[in-house]
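Fold and geometry: a report
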Amino acid sequence: MQSSNIHEPELTPSALRMNTHHNPNAVIELSEVRLQYGSGTLALDNTNLALAQGDFVSLVGPSGCGKSTILKLVAGLLKPTSGVVMVGSKEVSPAGKKHPKHSNMRVGLAFQNPTMLPWLSVLDNVMVPLKIVTPYREYYRSKKHAEYRDRAEDLLAQVGLKGFAQKKPWQLSGGMLQRASLCRALIHEPQILLLDEPFGALDQFTREELWSILQNLWLKNKPTVLLVTHDLRESAYLANRICVMTSRPGRILEDRSVGFARPRTIDMSYAPEFSELIQELRSTITHANVEVIPS
Amino acid sequence: MKNSLSVVISPEQVRQLSLSALATLGFFLLWEVACLGFHVSSLVLPRPSEIAQVLWIKFPLLLPHATQTLYTTLVGFVAGVVAGIALGAIIGSSKLAYDVAYPLLVGFSCIPKVAVVPIFVVWFGSGTVPAILTSAVISVFPVVVNVATGLASTEPELEDVFKVLGASRWDLLLNVGLPRTLPYLFASMKIAVTLSFVGTVLSETVAANKGIGNVMMIASGNFDVPLVFAGLFLLAIMGVVLYALFALMEFKLTGWAQRKNELAMA
């Protein structure tokens, strides 16, 4: 379950090399990716990462190590300086295109900041992707969206927002908005879910509750998830695989699988083997001479 | 949604309204008393009561001029706002357009509009057209600036969420940019509508045979100072009414941006 190469000074584990060349099972694959912002900061260098269909991978590491950069590359919001980013057997950003077009995969995205549209109700905010994403938007236009409304209300109920559908975003607390933001990321049944510290601004109790909600939602449809976080407990609770990153230029230092049985519970997160895993992750990160926010 | 459309008048608002009414009344009272006390001639500064009297007596005569001014102002204002939204949308959604057009725009806005009127007269003759154009030109700038700022300041994360969904630039403008810009647009429209009056009257005083500006021009030539002031009063009243109309529309359409008021009321 756990590898034992924690204290090795070697920065590029050979296990990763196997993933480098077009893994046929990979839904998301970064090979030899390098990203430099302008002519300045080198955010990523020689980064390799592959996610299989239905995988739940968490990227952890100190802030500024390029976690979010990887996420943006996968989302097609950034273009690598060199290297290849494949999503669903298509290259995300063919060179020369100014705005990288995304592949035919449906992608959901949620940030730490819930970014709701203040003039729409919570329900309408959640339904926004259905107005935009290609297979749905035609139906949405043809006024067939009663069933979409039901779906959105059902999803809101699942995250504990039953009865808040008609409220405006500013009438909700931060935790509630983050729940709604999660619904918005999932309403169009994405094959890929990208989460950038979605629970970073929340209190401990809300965060733990949302972990369990996210786990349940994931177990239902099994989208491929890439979760960026600096909370080690969070990543150990949620992910199948944890990738630890070094900072500047970002590189994946360690890639380990997490074998705890599903569905995981908060009680499990206080079990000795769970704490041991977190302890090991922490020491990996501190040994790489970087600081981390303790969980 | 439940009470965002109904205008609820709270005790706080009653207090506010009565205070502003009192201030207006006090201003006129002070004016009246000062004129009487210092024996100011009505050739220099007529008393409000005199002005009201003139307004009452000459109202049938003034009405067609007032409607002319209102008409040219509104046509010019609408044209200015439409042009301003279009220009602002272009400038605000492209960095290149922003950099290229901004200096030009600032340059144009610096030109005194009095200087523009004679040019319009040369092109279109005197009368309604130059008045409409002046009113349009003067009201464009605040609208462009506000719409462009509103669009350019959209949160990048929100744009990312939409881009990942495959949204086109048009989708973004329609679903995020324009609704987000509405509060900015209304703020600028309240300024623009008052400026529009300035533009119209300016043009009417220079080259027209109709309109309040023209009436005031002739009246001052005849030393009929109370009539000049009556014209000013009419302009002020029309300006206030239009301003209030836009403030009401703003409240109804962009209530989501004014949560502070609603929170205070709740």
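Residues numbered from 1 in each chain as written. Chains lettered and ligands numbered in written order. Predicted model: local features only at pLDDT ≥ 70, side-chain atom pairs only at ≥ 80, totals over all residues. Heavy atoms only, no water.

**Re the overall build of chain B**
The secondary structure content of chain B amounts to eleven helices and zero strands. Taken from the N to the C terminus, the helices and strands of chain B come in the order α-α-α-α-α-α-α-α-α-α-α. In chain B, which comprises 266 residues, the proportion classed as buried is 42%. Put simply, of all contacts in chain B between residues at least 6 apart along the chain, 76% involve residues at least 24 apart. Surface accessibility of chain B: about 14,400 Å² in total, with carbon and sulfur atoms responsible for 75%. Here chain B holds 14 positive side-chain charges and 13 negative ones, and the gap between their average locations is 2 Å. (Helix = DSSP H or I, 4+ residues; strand = E, 2+ residues; numbered from the N terminus. Buried < 20%, exposed > 50% of the residue type's maximum accessible area, 1.4 Å probe, protein only. Contact = heavy atoms within 4.5 Å. Areas by Shrake-Rupley, 256 points an atom, 1.4 Å probe, with all protein chains shown as cover. Lys, Arg positive; Asp, Glu negative; His and termini not counted. Charge placed at Lys NZ, Arg CZ, Asp CG, Glu CD.)

**Looking at empty space enclosed by the protein**
Under the defined criterion, the tally for this structure stands at two cavities of 30 Å³ or more. Empty space within the second largest cavity amounts to approximately 50 Å³. If you trace the second largest cavity, you find it lined by V107, G108, L109, P129, R184, A185 and H188 of chain A together with V161, V164 and L165 of chain B. Elements represented by at least two residues in the lining of the second largest cavity include exactly β6 (107-110) and α7 (174-186) of chain A together with α7 (156-164) of chain B. Take the lining of the second largest cavity: its biggest share by element is three residues, from β6 of chain A. Residue composition of the lining of the second largest cavity, by class: seven nonpolar, two polar and one charged. (1 Å grid on protein atoms, 1.4 Å probe; cavity = no way out; pocket = protein on both sides within 12 Å on 5 of 7 lines; lining within 4 Å. Points joined across faces, edges and corners; volume = space filled by probe spheres on them. Nonpolar A, V, L, I, M, F, W, Y, C, P; charged D, E, K, R; others polar.)

**So, the interface of chain A and chain B**
Taken together, the contact pairs 23 residues of chain A with 21 residues of chain B. Taken together, both faces of the contact between chain A and chain B bury some 2,200 Å²; the carbon and sulfur share is 69%. A per-residue breakdown of the area chain A buries against chain B is headed by W119, I132 and W170 of chain A, which together make up 33% of the total. Counting the contacts that link chain A with chain B gives zero salt bridges. Mapped by element, the contributors of at least two residues to the side of chain A that touches chain B are α2 (67-75), β6 and α4 (128-132) of chain A. With four residues, the top contributor of residues to the side of chain A that touches chain B is α4 of chain A. In the side of chain A that touches chain B, the residues fall into 13 nonpolar, five polar and five charged. (Buried area = accessible area lost by both parts, 1.4 Å probe. Salt bridge = Lys/Arg side-chain N within 4 Å of Asp/Glu carboxyl O.)

**Digging into the sheet that holds strand β10 (residues 251-257) of chain A**
Residue and element names in this part refer to chain A. Read across the sheet, six strands follow the order β6-β7-β8-β3-β9-β10 without closing on themselves; strand pairing throughout is mixed. This sheet does not close on itself; its edge strands, each paired only once, are β6 and β10. Adjacent strand axes in the sheet meet at a mean angle of 15°, parallel and antiparallel pairs treated alike. Relative to strand β9 (residues 241-246), strand β3 (residues 56-60) runs parallel, the two being bridged by four bridges. Bridge assignment links S58 to a residue of β9, and that residue is I242. In the packing of α7 onto the sheet, the strands contacted are β6 and β7 (192-196), and the crossing angle to β6 comes to about 165°. (Pairing = 2+ DSSP bridges. Axes fitted to C-alpha atoms, helices over the stretch in contact; angles between N-to-C directions.)

**Structural notes on the confidence of the model for chain B**
Residue and element names in this part refer to chain B. Chain-level statistics for chain B give a pLDDT mean of 87 and a share of 93% at 70 or above. Within the model, pLDDT remains below 50 along residues 261-266, and this stretch shows six contacts once partners closer than five positions in the same chain are excluded. What the predictor reports for the complex is a pTM of 0.74 with an ipTM of 0.78. (pLDDT = per-residue confidence, 0-100.)

**Digging into helix α2 (residues 48-57) of chain B**
All names here are of chain B. Among the residues of α2, those classed as buried are P48, I51, V54 and L55. Down the axis of α2, the buried set is contained in an arc of 120°. They therefore lie on one face. Within α2, the exposed residues directed more than 90 degrees away from the buried face are W56 and I57. Where α2 is buried, its residues contact α1 (11-37), α3 (59-93) and α10 (225-253). (Arc of directions from axis to C-beta.)

**Regarding the pairing of β9 of chain A**
Residues and elements named next belong to chain A. In terms of burial, β9 is largely enclosed, as six of its six residues are buried. Side chains R241, C243 and M245 project from β9 onto one buried face, and the interleaved I242, V244 and T246 project onto a second face that is buried too. Judged from the six bridges that link them, β9 and β10 form a sheet pairing that is antiparallel. Among the inter-strand pairings, V244 is bridged to a residue of β10, identified as E254. The hairpin turn running from β9 into β10, its antiparallel successor, is four residues long.

**Quick look at the pairing of strand β8 (residues 224-228) of chain A**
Residue and element names in this part refer to chain A. When you tally the buried positions in β8, you get five out of five residues, the bulk of the element. Where β3 meets β8, four bridges bridge the pair, whose relative direction is parallel. If you follow L59 over to β8, its bridge partner there is V228. Sheet topology places β7 next to β8; five bridges connect them, and they run parallel. Residue L194 lies in a different strand from β8, and its bridge partner there is L226.

**A few points about the sheet that holds strand β2 (residues 42-52) of chain A**
Residues and elements named next belong to chain A. Strand order in the open sheet made by the four strands is β2-β1-β4-β5, with antiparallel pairing throughout. Only two strands of the sheet have a single neighbouring strand rather than two, namely β2 and β5 (90-91). Pairing of strand β1 (residues 26-36) with strand β4 (residues 82-87), which is carried by five bridges, proceeds in the antiparallel orientation. By the bridge assignment, S31 is partnered in β4 with V84. In the packing of α2 onto the sheet, the strands contacted are β1, β2 and β4, and the crossing angle to β1 comes to about 120°.

**Digging into a nonpolar patch on the surface**
All names here are of chain B. Among the surface-exposed residues, F38, V40, L43, V44 and F223 lie close enough to one another that they form a single nonpolar patch of about 590 Å² accessible area. Along the chain, the position of F223 falls in the loop between α9 (212-221) and α10. Residue classification places F223 among the exposed residues on the basis of a relative accessible area of 63%. (Patch = residues over 30% accessible without salt bridge, like charges linked within 9 Å, V, L, I, M, F, W, Y side chains within 5 Å.)

**So, the pattern of salt bridges**
All names here are of chain A. Counted by the stated rule, this structure contains 17 salt bridges over all chains. When the shortest N-O distance is used, the salt bridge between D45 and R34 registers 3.2 Å. With D45 in strand β2 and R34 in strand β1, this pair connects stretches of sequence that are eleven residues apart. Judged by relative accessible area, which is 18%, D45 ranks as buried. By relative accessible area, R34 is classed as partly exposed at 30%. The salt bridge involving R256 is made with E254; its shortest N-O contact spans 2.9 Å. Assigned by exposure class, R256 and E254 land together as buried.

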